[in-house]
Amino acid sequence: MGKMGRYCKAYPVSSFRKFEGWTENLQNLRKEKREVDGEEVQTVRDLREDDFFYLQENHVVTDGIFIDQDIIFDEVTPEWISFCEETLGFKVPD
């Protein structure tokens, strides 16, 4: 079971892709259950432009609400923090 942080906010994938230093660790996308040839299997989900990722309180981006699972982006730099605050309007409430 993943660990819940105090705060995270969902943004469309397209918003994150506006950051010049953005990279995606796509092998960490959430798994989905699908039926293949009559059997239920887990597969990596298909990522669409209008899907959402979660910006966590520590400025790491995840593919789900848990702060320590499905990490898509973890290159937290001053530039990234500035982008999150100024462009995305991200601020952890008091």
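Provided above is the structure to which this section pertains.
Residues numbered from 1 in each chain as written. Predicted model: local features only at pLDDT ≥ 70, side-chain atom pairs only at ≥ 80, totals over all residues. Heavy atoms only, no water.

A. How the structure looks around the pairing of strand β4 (residues 52-56). Where strand β1 (residues 8-12) and β4 come together, five bridges link them in antiparallel fashion. Among the inter-strand pairings, Pro12 is bridged to a residue of β4, identified as Phe52. As paired elements, β4 and strand β5 (residues 61-62) share two bridges and run antiparallel to each other. Residue pairing for β5: Leu55 is matched across the bridge by Val61. Linkage of β4 to β5, two consecutive antiparallel strands, is achieved through a turn of four residues, within which His59 is found at a positive phi near 70 degrees. (Pairing = 2+ DSSP bridges. Helix = DSSP H or I, 4+ residues; strand = E, 2+ residues; numbered from the N terminus.)

B. Quick peek at the nonpolar core. Ranked by internal contacts, the top residues of the largest apolar core, which has 16 residues, are Phe16, Trp22, Phe53, Leu55, Val61, Trp80 and Leu88. The element contributing the most residues to this core is helix α2 (residues 78-86), with three residues. Apart from the residues lying within four places of it in its own chain, the contact partners of Phe16 are Tyr11, Trp22, Phe53, Leu55, Val61, Trp80 and Leu88. (Core = buried A, V, L, I, M, F, W, Y, C linked by side-chain atoms within 4.5 Å. Buried < 20%, exposed > 50% of the residue type's maximum accessible area, 1.4 Å probe, protein only. Contact = heavy atoms within 4.5 Å.)

So yeah, pure geometry; function would need other evidence.
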